[in-house]
Amino acid sequence: MAEYIKFKVPAKQVSETKGVGNLIEKAEEEGVKTAWHRFLEQQPQCGFGLLGICCRNCNMGPCRIDPFGAGPTKGVCGADADTIVARNILRMIAAGAAAHSDHARDIVHVFKGAATGEFKGYRLTDVEKLKGLAQILGIDIEGKSESEIASEVAHILELEFGKPDDEPLKLLMATAPKKRIKVWERLGVMPRAIDREICECMHRTHMGVDADPASLLLHGVRTSLADGWSGSMMATYLSDILFGTPKPIKTTANLGVLKEDYVNIIVHGHNPILSMKIAEVAQSEEMQKLAKKYGAKGVNVAGMCCTGNEVLVRLGIPPAGNFLMQELAIITGAVEAMVVDYQCLMPSLVDVAGCYHTKIITTEPKAHIPGAVHIEFKPEKADEIAKEIVKIAIENFQNRPKERVFIPKHKSEVVAGFSVEAILEALGGTLEPLINALREGTIKGIVGVVGCNNPKVKHNHSHVTLTKELIKRDILVVGTGCWGIAAAMHGLLTPEAAKMAGEGLRAVCETLGIPPCLHMGSCVDCSRILIVLGALAEALGVDIPDLPVAGSAPEWMSEKAVSIGTYFVASGVFTHLGVVPPVLGSQKVTRLLTDEIEDLLGGKFYVEPDPVKAAETIYNVIIEKRKKLKWPV
Ligand code: CUV
Ligand code: SF4
């Protein structure tokens, strides 16, 4: 249904990415609203919310603190701005950690079923990685079958969620550097069980429990560590074992990957369990034939957001866009079905799809959207269900409003799939060449750039600008998530992009034939960045805060990003945020997060919306770290 559009979006100015502006204009002509339109309608956004000083945690409220000090300084219960801001942030961390880790739980379930043979549609693909994981978890693999090893691994990992004892998380103990573990032990923030830490966040933030901002934030640290070093880590490990560890793979990215004469299916969400199946089934001869019967040349699968990254790094499925482009893909009029699992799915997808012929297919019992077609995915019937979904898309081709189809032609070449294993292989099997390049200063440092899009920021502008500014300064950029797709669409993920890098980085990239920006996967694959950091620190005999590295989330929006940012900081990384988090209502919390936390953990947050300034500061931080290591600057 066409809607009245109250505020027009300056279509050519809201994005750095080609094709976006044209589709926003198309949307306006056709009476379709996008996130940018709704963002304008939301202006001015609530000042209390922006500052983090509203509380709805009990029904004596909602309470708001007057940031100017003239009105109330405390809520009905007596909670002040410091308590309220810290509690709100802790709840964000809890939600983010829950999203990643519940995703991990679903993967463990399928992994276990693949190990026992119960889920016939899945198998253990990377057995080497399985054995490696079993060994670091202390499992004796001598004489055991793959299935036995996998079952033992699954048993240990299942317990990570809710084991009843106070022992630290096993996967964290197996993967985190010893020096870091000591720091966390001293602070009393070693996580015990993933669900428990998340549950404790909810308990502590309930009315009348923890009122001390420092104590609240430290629990946030603990919860985020459970996410990074166990929940997300597990999701990455097991996805690699099930579907293969990513290797460099070539494809293209941007809306131009949609094909006019083909049935277009977009997989969107986060979990690879279904998207990998859809991709596999769609490419089958049977489905390609069926598509021809319906007048299409075949079936084309494209990705969106992180499940898009999962199928990109393993199968070379081209991403059609990142977070803010999900509605635009439908507005092309050329998408027969958007198949979603969970996280980062705008409920508006259904409204937008209502103006075209696109079917939004939800598949997860925990993620329904009113108005969508719901086909519940069950791993025991993976192939059947994937087929059913692909067929619905194919049959929908005949309903495409041909006269309203507009696919921007833009797309860029991409090489993605840089798992830690792939990076090691590119380096010739050891970290030594990378360490030498860092030590000599050919590469000045490494920055992990991750995270979402946010209409508060010019779409992809901060991702791209920050990245270019960093590589120009001989800083190798690695990253995940919607950053990866932004970098892909802007040509930063090709070996030729080395031309945009400084002399040193350029030479290294040209020798190794790699891009100056390495796409490591989805958001849970930020765990791969942790592994790299840990390995570098151990190889150099230092701790992570000593390394010339940093992190950045230039356009973040999701609670998952808050959890990721926190475990980066807790792991000792200087972490840049390009969008201001809702903490400014408390000077105390702001100071804790952007300053004092560094004494405790070696990392801290740094907030700077301007990507050029941010790159400058990050560079300076890296130079300081190099000086401390007595490395040439
Ligand atoms: Ni998980 S969390 S918008 S898809 S990176 Fe993309 Fe990545 Fe943020 Fe969501
Ligand atoms: Fe207000 Fe306190 Fe209740 Fe929050 S917990 S809503 S500050 S009374």
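On a predicted model such as this, the values are computed, not experimentally measured, just so you know.

Here is what the cut-offs are and how they apply
Residues numbered from 1 in each chain as written. Chains lettered and ligands numbered in written order. Predicted model: local features only at pLDDT ≥ 70, side-chain atom pairs only at ≥ 80, totals over all residues. Heavy atoms only, no water. Donors = N, O, S within 2.8 Å, 3.2 Å for Na, K, Ca; no water. Helix = DSSP H or I, 4+ residues; strand = E, 2+ residues; numbered from the N terminus. Buried < 20%, exposed > 50% of the residue type's maximum accessible area, 1.4 Å probe, protein only. Domains from an automatic or database assignment. Contact = heavy atoms within 4.5 Å. Buried area = accessible area lost by both parts, 1.4 Å probe. Salt bridge = Lys/Arg side-chain N within 4 Å of Asp/Glu carboxyl O. Polar contact = N/O pair within 3.5 Å; in protein donor to acceptor, adjacent residues only side chain to side chain. Nonpolar A, V, L, I, M, F, W, Y, C, P; charged D, E, K, R; others polar. Near = heavy atom within 4 Å. Core = buried A, V, L, I, M, F, W, Y, C linked by side-chain atoms within 4.5 Å. UniProt positions renumbered as here; feature names shortened; annotations may be inferred. 1 Å grid on protein atoms, 1.4 Å probe; cavity = no way out; pocket = protein on both sides within 12 Å on 5 of 7 lines; lining within 4 Å. Expected span 1.5 Å × (residues − 1). Points joined across faces, edges and corners; volume = space filled by probe spheres on them. Pairing = 2+ DSSP bridges. Axes fitted to C-alpha atoms, helices over the stretch in contact; angles between N-to-C directions.

1. Focus: the coordination of the nickel atom of ligand 1
Piece 1. Summarising the metal site, the nickel atom of ligand 1 is bound by the protein donors His-270 (NE2), Cys-306 (SG) and Cys-523 (SG), whose distances to it range over 2.3 to 2.8 Å.
Piece 2. Here the donor residues of the nickel atom of ligand 1 are spaced in sequence according to H-x35-C-x216-C. Highlighted residues: His-270 in the loop between β4 (263-268) and α11 (272-282) and Cys-523 in the loop between β13 (517-521) and α22 (526-540), separated in sequence by 253 residues.
Piece 3. Relative accessible area serves as the criterion here: at 3%, His-270 is assigned to the buried category.
Piece 4. In this structure Cys-523 comes out as buried when scored by relative accessible area, which is 10%.

2. Brief notes about the domain arrangement of the chain
Accessible area lost upon the coming together of the parts serves often as the stated size of an interface.
Piece 1. For the chain, the assigned domains are domain 1 (81-243), domain 2 (255-404) and domain 3 (412-629).
Piece 2. The centre of domain 2, based on its C-alpha atoms, is set 31 Å off from the matching centre of domain 3.
Piece 3. Contacts between domain 2 and domain 3 engage 16 residues on the former and 21 residues on the latter.
Piece 4. Where domain 2 abuts domain 3, roughly 1500 Å² becomes buried across the two surfaces, and 71% of that area is made up of carbon and sulfur atoms.
Piece 5. Sorting the residues of domain 2 by area buried against domain 3 places Val-313, Asn-322 and Leu-324 first, and these three jointly supply 35% of that buried surface.
Piece 6. Across the domain 2-domain 3 interface, the total number found is zero salt bridges.
Piece 7. Remark: the boundary between domain 2 and domain 3 carries 11 residue pairs in polar contact (both at pLDDT 80 or more).
Piece 8. Elements represented by at least two residues in the side of domain 2 that touches domain 3 include exactly α13 (305-315) and β6 (319-321).
Piece 9. Looking at the side of domain 2 that touches domain 3 element by element, the count peaks at seven residues for α13.
Piece 10. The residue makeup of the side of domain 2 that touches domain 3, split by class, is nine nonpolar, five polar and two charged.

3. Re the site of ligand 1
Piece 1. The local shell around ligand 1 consists of His-270, Cys-305, Cys-306, Phe-323, Cys-344, Gly-451, Cys-452, Cys-482, Cys-523, Met-557, Ser-558 and Lys-560.
Piece 2. Here the residues of the shell around ligand 1 are counted per class, giving eight nonpolar, three polar and one charged.
Piece 3. Counting the residues that make up the shell around ligand 1, at least three belong to each of domain 2 (255-404) and domain 3 (412-629).

4. Some thoughts on the nonpolar core
Piece 1. Counting residues in each nonpolar core, the largest one holds 231 residues, and the members touching the most others are Phe-111, Tyr-122, Val-153 and Trp-184.
Piece 2. Examining the composition of this core, we find that 17 residues originate from one element, helix α4 (residues 81-116), more than from any other.

5. A few points about the side chain of Asn-254
Piece 1. Following the sequence through the fold, Asn-254 ends up in the loop between β3 (249-253) and β4.
Piece 2. Contact partners of Asn-254, with chain neighbours within four places excluded, come to Thr-17, Lys-18, Pro-319, Ala-320, Met-325, His-410, Lys-411 and Met-489.

6. A look at the UniProt feature "binding site: [4Fe-4S] cluster 2" (unreviewed entry) in the chain
Piece 1. This chain's UniProt record puts "binding site: [4Fe-4S] cluster 2" (unreviewed entry) on Cys-55, Cys-58, Cys-63 and Cys-77. In terms of the greatest pairwise C-alpha distance, the residues named above, spread along 23 residues, form a tight cluster of at most 10.7 Å across. Of the residues named above, Cys-55 line the largest pocket.
Piece 2. Tracing the backbone through its elements, the reader meets Cys-63 in strand β2 (residues 63-64).
Piece 3. Cys-63 sits in the buried class, given a relative accessible area of 14%.
Piece 4. Excluding residues that lie within four positions of it along the chain, Cys-63 makes contacts with Ile-53, Cys-54, Cys-55, Gly-75 and Val-76.
Piece 5. Here Cys-77 lies in the loop between β2 and α4.
Piece 6. With residues near it in sequence (within four places) discarded, Cys-77 still touches Met-60 and Met-207.

7. Brief notes about the site of ligand 2
Piece 1. Contacts to ligand 2 come from Cys-55, Asn-57, Cys-58, Met-60, Gly-61, Cys-63, Gly-75, Val-76, Cys-77, Arg-87 and Met-207.
Piece 2. Of the residues in the shell around ligand 2, the class split is seven nonpolar, three polar and one charged.

8. Observations regarding helix α23 (residues 559-570)
Piece 1. End to end, α23 covers 17 Å across 12 residues, agreeing with the expected 16 Å (1.5 Å per residue, within 8%).
Piece 2. Every buried residue belonging to α23 is among Lys-560, Ala-561, Val-562, Ser-563, Ile-564, Gly-565, Thr-566, Tyr-567, Phe-568, Val-569 and Ala-570, and all of these are buried.
Piece 3. Here α23 starts with a cap whose side-chain oxygen sits 3.1 Å from the backbone nitrogen of Lys-560, and that cap is Ser-558.
Piece 4. Where α23 terminates, the next one or two residues include Gly-572, which has phi positive at roughly 100 degrees.

9. Thoughts on empty space enclosed by the protein
Piece 1. In this structure the tally under the stated criterion is five cavities of 30 Å³ or more.
Piece 2. When its volume is computed, the largest cavity comes out at roughly 230 Å³.
Piece 3. Around the largest cavity, the lining comprises 25 residues; the ones closest to its centre are Leu-434, Ile-446, Leu-476, Val-478 and Val-532.
Piece 4. Elements supplying a minimum of two residues to the lining of the largest cavity: α17 (420-426), β11 (445-449), β12 (475-480), α21 (503-512), β13, α22 and β14 (549-553).
Piece 5. Broken down by element, the residue count for the lining of the largest cavity peaks at four residues, all from α21.
Piece 6. For the lining of the largest cavity, the class distribution of residues is 24 nonpolar, one polar and no charged.
Piece 7. Within this model, the second largest cavity holds a volume of roughly 180 Å³.

10. Some remarks on the layout of surface pockets
Piece 1. In this model, the largest pocket occupies a volume close to 970 Å³.
Piece 2. Lining the largest pocket are 32 residues, and of these Gln-45, Gly-49, Met-92, Lys-456 and Pro-582 sit closest to its centre.
Piece 3. Elements with a minimum of two residues in the lining of the largest pocket: α2 (35-41), α3 (47-51), β1 (54-55) and α4.
Piece 4. Residue composition of the lining of the largest pocket, grouped by class: 19 nonpolar, eight polar and five charged.

11. Remarks on the sheet that holds β14
Piece 1. Read from one edge of the open sheet, six strands run β13-β12-β11-β14-β15-β16, paired in parallel fashion. Edge positions in the sheet fall to β13 and β16 (605-607), since each of these pairs with one other strand and no more. Taken over all neighbouring pairs, the strand axes of this sheet differ in orientation by 25 degrees on average, direction set aside.
Piece 2. Across the sheet, α22 touches β11, β12, β13 and β14, and the angle it forms with β12 is around 140 degrees.
Piece 3. Across the sheet, helix α25 (residues 611-628) touches β11, β12, β14, β15 (574-577) and β16, and the angle it forms with β15 is around 175 degrees.

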